[in-house]
Each structure stands twice: as structure tokens, then as C-alpha cells.
2 protein chains.
Amino acid sequence: MSALPVLEPATDETCCAPAGTPALGAEEAKQKALVFKALADPNRLRLLSIVKADASGESCVCDLTGPLDLGQPTVSHHLKILVEAGLLHREKRGTWAYYSLVPGALEQTAGLLATL
Amino acid sequence: MSALPVLEPATDETCCAPAGTPALGAEEAKQKALVFKALADPNRLRLLSIVKADASGESCVCDLTGPLDLGQPTVSHHLKILVEAGLLHREKRGTWAYYSLVPGALEQTAGLLATL
DNA sequence: CGCATACATTGATGATTATCAATGTTGGGG
DNA sequence: CCCCAACATTGATAATCATCAATGTATGCG
């Protein structure tokens, strides 16, 4: 597994789409599908939701294993997928790992649908 | 497989979200994940793209098996998934089956991300 | 140093899923 | 009525994925 930024950091594809987009190439489709794959699981959607709903804007793993009826390793696995998709950001402080939404990532993902 | 409308027809959940959405329930998450599951495949993204790009607004299966390097049964299978997700509409005229984007479906799906 | 806590990684297993070959179905033409 | 064309469905298979138990790693505390 390469730690590649599936969702482009700042070089937004969004603003420069060649207007008359003919269709979707095989490679682009593969990249875009990776983001939707990350969203294609109920538990991952709930993880995103919980992180987003948190007042502090970030949550540690221990806050996430409770609401979801899942073991800690499974939650870590889902979080990793969301990070690799560019949707979540991980920051380790002390013993805890804090996860937060990548700013604009959800909006950018919504934009992917418009540029199909 | 039940022929259920995953993407709600008109009774939009969107307009009535209780403002301070606490988190995402297990059942809601499951429903929303179904739509993203349909988008989580490169070939299905390309199918949507081709249908969208077509000037007439609709495409028959024979127009879709070429660009994608897939057999006809596989394409039919993917199209069925997209229809069941509420993203595509199927209309049979004569021997041909025409697929078109469900109006507003992509925008509504984008809205799902905002209401996480 | 030694131990406990918080989290990640590994390995294994059962469940989905994507794909194809073969077959079924329906509609139009001769 | 028979055949062909367009598409759908079925059944089988290989690959992917979600989950858990067990283990590894690093950090803070005494």
C-alpha cells in the first residue's frame, strides 16, 4: 500500500476541467473510485460523522470504538483507509492519536461528482 | 435484492436535517453507504460519465460495452447496480434499453456528503 | 528499568464482489 | 412460425474486503 494522496492536496482538478469533458479515462476513474471506496462502508461513514460532529474538531480512537460496535483494530483499519483517501488527518500527541477532517475534503469529493 | 429506492425520490431528507445533526445512526449510514458503494467501482464511474457526456442524454448498452473493456453481461450487471442506487434510469424502447442519468441524483449524492 | 496504556500491524477467516461463459427472454423481420 | 438481435439472468470462480485475535510499538509514569 503506497501512502499516496488520492485526493489531491491543493492542485485542484476542479477549477481547470477542460470544459467539454469527453468522458472519464480508465486511470482517472480508478483514482476517483478510491475515494468513493473509502466512503462505501457504513462504519467509515459513521467515523467521519462522529469526527465531524465533535466540537473540538478531532477525536481519538478511544472515542470512536464505543459508538461503533467494532473492535479497536478494526476501527484503526477503517481510520487508515480514510486517511489514505485524503479524508481524515492523523496527528499523534503523546499516547493518543487524534483524527480530524481534512479541510475541504468532503466538498472536494462532492465536486468529483459534478465533474464526472 | 429488493428494488428499493436507495436515493429517495422526492421526500428529501436534505431539507429537514435537524440542524445540529449529532452523528450518523447505523441505519442511515447503511443506506448512504449503498449509494457510495455503487460509485466505488471505476467501471461504474465511467458508465455514469459516458451516459452523462452523451449529447442525447441517454445511451444503450451497445454504446457502453465498447469503451469499457468488459463483456456485455458485466456491463448489464453494473448498470443494474447504478439503477438500484437511484443514479440511472432505464427505459426500454423496442429491442434496445436506454440508460439516462436520474435528474438531480448526482447533486443529491453530493449533498449526502454535506449532511454527514 | 519496568509496567501499563493507546494505538498500529499481522495473519487468518468468512462474506462480498467483479467477472465471464452459458443460457434465458423479448421484440422485430422474413 | 422461425430466426436473429439486444439485453438480462444464472451459476461458477477468483479477488477483494471487513472483522477479529494475537502481537508489536511507542509513550508516559512510578
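No experiment lies behind these values; they were computed from the predicted model shown. (Residues numbered from 1 in each chain as written. Chains lettered and ligands numbered in written order. Predicted model: local features only at pLDDT ≥ 70, side-chain atom pairs only at ≥ 80, totals over all residues.)

A separate point is the protein's contact with DNA strand D. Around DNA strand D, a shell composed of 24 residues is seen, among which Gly94(A), Cys60(B), Cys62(B), Pro73(B) and Ser76(B) lie nearest. Examining the composition of the surface near DNA strand D, we find that 6 residues originate from one element, helix α4 (residues 72-84) of chain B, more than from any other. Classifying every residue of the surface near DNA strand D by side-chain character gives 9 nonpolar, 11 polar and 4 charged. (Near = placed C-beta within 6 Å. Helix = DSSP H or I, 4+ residues; strand = E, 2+ residues; numbered from the N terminus. Nonpolar A, V, L, I, M, F, W, Y, C, P; charged D, E, K, R; others polar.)

Take helix α1 (residues 26-39) of chain B next. Taking 1.5 Å per residue, 14 residues should reach 20 Å; α1(B) reaches 20 Å between its end C-alpha atoms and fits that length. Ala29(B), Lys32(B), Ala33(B), Val35(B), Phe36(B), Ala38(B) and Leu39(B) are the residues of α1(B) that are buried. On its buried side, α1(B) packs onto α1 (26-39) and α2 (42-53) of chain A together with α2 (42-53), α4 and α5 (105-114) of chain B. (Expected span 1.5 Å × (residues − 1). Buried ≥ 20, exposed ≤ 12 C-beta atoms within 10 Å, placed from the backbone. Contact = placed C-beta atoms within 7 Å.)

A few words now on the protein's contact with DNA strand C. For DNA strand C, the set of nearby residues contains 24 residues, the closest of which are Cys60(A), Val61(A), Cys62(A), Pro73(A) and Ser76(A). Listed by contribution, the elements that provide at least two residues to the surface near DNA strand C are α3 (61-64), α4 (72-84) and β3 (96-101) of chain A together with α4 of chain B. With 6 residues, α4(A) is the single largest residue contributor to the surface near DNA strand C. Among the residues forming the surface near DNA strand C, the class breakdown is 9 nonpolar, 11 polar and 4 charged.

This next bit is on the sheet that holds strand β1 (residues 58-60) of chain B. All names here are of chain B. Taking strand neighbours across the sheet as the criterion, the 3 strands line up as β1-β3-β2 in an open arrangement whose pairing is antiparallel. On the outer flanks of this sheet lie β1 and β2 (88-93), each paired with one strand and no other. Here the strands of the sheet are splayed against their neighbours by 30° on average, with no regard to which way each runs. Judged from the 3 bridges that link them, β1 and strand β3 (residues 96-101) form a sheet pairing that is antiparallel. Its bridge partner being in β3, cysteine 60 is matched across the sheet by tyrosine 98. (Pairing = 2+ DSSP bridges. Axes fitted to C-alpha atoms, helices over the stretch in contact; angles between N-to-C directions.)

All right, on to the relation of the copies chain B and chain A then. To go from the first copy of the chain to the second, apply a rotation about an axis and then a shift along the same axis. Superposing chain B onto chain A takes a rotation of 180° plus a shift of 0.0 Å along the axis, which leaves an RMSD of 0.0 Å. The operation mapping one copy onto its partner corresponds to a two-fold rotation axis. By C-alpha distance to the rotation axis, the residue of chain B lying nearest is Ala110(B), at 2.3 Å. (Least-squares fit on C-alpha atoms with pLDDT ≥ 70 in both.)

Turning next to the interface of chain B and chain A. On the side of chain A, 29 residues touch chain B, which itself brings 29 residues to the contact. Broken down by secondary-structure element, the contributors of at least two residues to the side of chain B that touches chain A are α1, α2 and α5 of chain B. Of the residues belonging to the side of chain B that touches chain A, the class tally is 20 nonpolar, 3 polar and 6 charged.

All names here are of chain A. Pairing in this open sheet of 3 strands is antiparallel, and the strands run β1-β3-β2 from one edge to the other. Pairing within the sheet leaves two strands with one partner each, and these edge strands are β1 (58-60) and β2 (88-93). Looking at each pair of strands side by side, their axes are set apart by 30° on average, direction ignored. Packing of α2 onto the sheet brings it into contact with β1, β2 and β3, and relative to β3 it is tilted by some 90°.

Let's shift gears to the packing of α2(A) against α1(B). Packing of α2(A) against α1(B) leaves a shortest axis separation of 8 Å and a crossing angle of 115°. Here α2(A) and α1(B) pass one another in a crossing that is right-handed. Contacts between α2(A) and α1(B) involve Pro42(A), Leu45(A) and Arg46(A) on the former and, on the latter, Ala26(B), Ala29(B), Lys30(B), Lys32(B) and Ala33(B). Along the lines of polarity and charge, the residues of the contact of α2(A) with α1(B) split into 5 nonpolar, no polar and 3 charged. (Left-handed = near helix turned anticlockwise from the far one by under 90°.)

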